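Descriptive structure summary
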Amino acid sequence: MRTCTTLGPAAIGLLAALATPLHAQVHQTAFTTDDDETEGWRATDAGIGVNADAVVVTSNMSVSLFARTGGSPLATFQVGDTSNFPFKKFDATYGRLFDPQVDYDPIDNRLWMIYSEDNTRDPSSAGGGSMARIHMAVSRLENGTIDDFSSDHWFYFTGNASASPPTVRDGEPFDLRSTALLPYQGEPGHTGYIRLADRPTLAFDERAVIIASWGAFGFPDNANTLTIIPRTHDGATKSILAGDRPDESDITFVRFDGDELEEDRSTYYMSVQEPFEQFENKTFFINDPDDISGVSTGIRLCGLYWDEELEPDPDWQVRQKTVGASLDILLGDAADHYHISGPNPRTPDSGWSPPVPEGHIHTAVLVRDANNDPRIFAAHAVNPDDDGTPVDQLVVQWYVIDPDLTNFETTSWNPTFDAVGRIDHGDTTGDHYHPVIGVTEQGVAYIEYTYSDANTWPQVRRVTLNSTYDGIVPNSEVIVKTGPSYAYTGSANAWADFAEMQADPVTGCSFWSVHTLVHDVADGPTVLDRRDVWLFQSVFNCGNSNLNFDEGTDLYDMAMFNDLFNAGARRVDMNTDGTTDATDAILYHDAYDAATGP
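Everything numeric here is computed off the predicted structure, so don't read it as measured data.

**Comments concerning the overall build of the protein chain**
If you tally the helices and strands in the protein chain, you get four helices and 35 strands. Out of the 598 residues in the protein chain, the part that is buried amounts to 59%. A fraction of 59% describes how many contacts in the protein chain between residues 6 or more apart in sequence connect residues 24 or more apart. In the form shown here, the protein chain has an accessible surface area of approximately 22,100 Å², with 48% of it arising from carbon and sulfur atoms.

**Overview of the sheet that holds strand β4 (residues 55–59)**
Strand order in the open sheet formed by four strands is β3-β4-β5-β6, and the pairing between neighbours is antiparallel. Both outer strands of the open sheet, β3 (47–50) and β6 (70–78), are each paired with one neighbouring strand and no more. Between one strand and the next, the sheet's axes are offset by a mean angle of 20°, whatever the strand orientation. Pairing analysis gives four bridges linking β3 to β4, with the strands arranged antiparallel. Along β4, the bridge assignment pairs Val50 with Val55.

**Observations concerning helix α3 (residues 555–566)**
Three or four residues apart is the spacing at which side chains of an α-helix point the same way, because the helix has 3.6 residues per turn. In this model α3 runs 17 Å from its N-terminal to its C-terminal C-alpha over twelve residues, within 8% of the 16 Å that 1.5 Å per residue would give. Regarding α3, the residues found buried are Tyr556, Asp557, Met558, Ala559, Met560, Phe561, Asn562 and Leu564. Sitting at the amino-terminal end of α3 is Asp554, which places a side-chain oxygen 3.1 Å from the backbone nitrogen of Tyr556. Of the residues trailing α3, Gly568 is marked for its positive phi of about 70°.

**Description of the packing of α3 against helix α4 (residues 582–596)**
At a minimum axis separation of 12 Å, α3 and α4 run at an interaxial angle of 175°. With respect to their mutual orientation, α3 and α4 come out roughly antiparallel. Along the contact surface, α3 presents Leu555, Asp557, Met558, Phe561 and Phe565, while α4 presents Ala582, Asp584, Ala585, Tyr588, His589 and Tyr592.

**Some details on the packing of aromatic side chains**
The geometry of an aromatic ring pair comes down to the distance between the two centres and the angle between the two planes. Considering all chains together, one arrives at 14 aromatic pairs under this definition. For the ring pair Tyr446 and Phe511, a centre distance of 5.4 Å and an interplane angle of 75° mean the geometry is edge-to-face. Pair noted here: Tyr446 is in strand β30 (residues 445–453) and Phe511 is in strand β34 (residues 510–518), with a separation of 65 residues, a long-range link. Each member of the pair Tyr446 and Phe511 is classed as buried.

**Some remarks on the confidence of the model for the protein chain**
This prediction gives the protein chain a mean pLDDT of 75; 68% of its residues lie at or above 70. Summarising per-element confidence for the protein chain, the mean pLDDT is lowest in helix α1 (residues 9–17) (35) and highest in strand β15 (residues 232–233) (94). Low pLDDT, under 50, characterises residues 34–41; the stretch is placed with 22 contacts to residues that sit more than four places away or in other chains. Across residues 519–529, confidence stays below pLDDT 50; counting only partners more than four residues off in sequence or on other chains, it has 30 contacts.

**Some thoughts on the pattern of salt bridges**
Enumeration according to the criterion identifies eleven salt bridges in this entry. A salt bridge links Asp105 to Arg231; its shortest N-O distance comes to 2.9 Å. Note that Asp105 is positioned in strand β7 (residues 96–105) and Arg231 in the loop between β14 (225–230) and β15, a separation of 126 residues in sequence. Take Asp105 and Arg231: they sit in the same class, and that class is buried. For Glu206, the salt bridge identified is with Arg207, shortest N-O distance 3.4 Å. For Glu206, a relative accessible area of 29% puts it in the partly exposed group. Arg207 gets classed as partly exposed once you look at its relative accessible area, which sits at 32%. What you see here is one network of salt bridges that share partners, running through Asp105, Asp108 and Arg231.

The rules we used
- Residues numbered from 1 in each chain as written.
- Predicted model: local features only at pLDDT ≥ 70, side-chain atom pairs only at ≥ 80, totals over all residues.
- Heavy atoms only, no water.
- Helix = DSSP H or I, 4+ residues; strand = E, 2+ residues; numbered from the N terminus.
- Buried < 20%, exposed > 50% of the residue type's maximum accessible area, 1.4 Å probe, protein only.
- Contact = heavy atoms within 4.5 Å.
- Areas by Shrake-Rupley, 256 points an atom, 1.4 Å probe, with all protein chains shown as cover.
- Pairing = 2+ DSSP bridges.
- Axes fitted to C-alpha atoms, helices over the stretch in contact; angles between N-to-C directions.
- Expected span 1.5 Å × (residues − 1).
- Polar contact = N/O pair within 3.5 Å; in protein donor to acceptor, adjacent residues only side chain to side chain.
- Parallel < 35°, antiparallel > 145°, perpendicular 65-115°, else oblique.
- Phe/Tyr/Trp six-rings, centres within 6.5 Å; stacked < 30°, edge-to-face > 60°.
- pLDDT = per-residue confidence, 0-100.
- Salt bridge = Lys/Arg side-chain N within 4 Å of Asp/Glu carboxyl O.

And the structure:
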């Protein structure tokens, strides 16, 4: 049997000497949204959902469908295309559809899409219109390959039953207007709500599909609400997955402002995705707990579960917990950080500062780590804090949280930090922002983010976290995509507002991600309102000898294998049998010899 060779100081020195990020080897597909959205927002808020049949990519004003092999979109809908867009507005004059999102449901291998509607442009209504609806669609699993957005492949819950002729597509949307639902109608004691649900997100439980929606745009009274839609109803004889829309009485609504919950309506809870394994009766939502002007010293978790023993009737229960109220225990003074409340990234054009979301966590997954323990991985961009003063820099901060699943439904629930880290490379002149995080089925963690400085236009980069998740693997940083060479002159100046990443549920060790890039083709810098959305497919370990994913297999990969093997990491479980052992060492050395031999 071969034995693993440990590299000496000279080889380790070579490993540390490489400083310039290499270009990643990824499959890329770019598509540009149309030109008719004068507000310039349509390719922000990018999202992605991948299942065994298709890839769906969303941006603020478009939805595109791809085959898993990539290439050009099989189908694309623009919101302005009222004749073909599958979601229908109730109010043709003032209604607005926006912020489509798509997520993968591993329980049933479905893709779910949701879309917000409001009519805040109605001048006759104080503070806007009266609509607040969520439109929804779910893929039809029984039809196999998804190659379009027709009702042959999707169940739609959208339309206007009162229109003439009716525009119903398999069912009406979920209406958020009644006093039993979101209080966007000025419910007594809750006046001043903006009437929309900004960038809703989806989560999945074996009993339900959950929508987390937020009132948006800085209003202090905005409520964060969970809409819990059962998978089956009418005594389990009907299913939303079969196109049967539940009645309002079947749906549970939880708003985060009651006596039983912490009073914080500005909290923007995001769903924690579970891409591989559904942890039974445990669904989490996450965010930074403090408002955007304050120093944050912890992360807030919201947990949802079905309480079978609740008297007199079983019901949904929601719990909140602030994790790590003293981050300085882990990171010292560097742990404190401010929400983003003004500083924007630097670029070679000092007059162009692409905006960044306000520090809210918007990327998180619950998976098993390299030691087979369930962990929540999350990341966001913040301003560092220097003795109470925000530093004029953006950095990416990530968190690995033990959700304490054993005690989750008890008063002893105590989620804690396993690791916290920061991407800034000690570089106070560069900005790191728009992060997304993904973890493979073997527990390998990656973060993609945007980087720019006074000499560098925005570019998408990726790093690999080490086996203990408290640092970055040396020289693992790669450039996924280089950005434009000029300032964007459009009205919104958005660069990559909300990117997204999902582990591939089929391979378990590759990723799909989406990022918004400023349009940089023949139109040049004078283009006013176009964006490119880039879809990346990155093939990672999967038994690959190139462990650090640079341009080839070399001694650096052998050093990395030794480190991971000695730690018993799932990362180098080459035969994916759940155990890292001598067989994996043989398999890796065979792969290494094949990749480096003549």
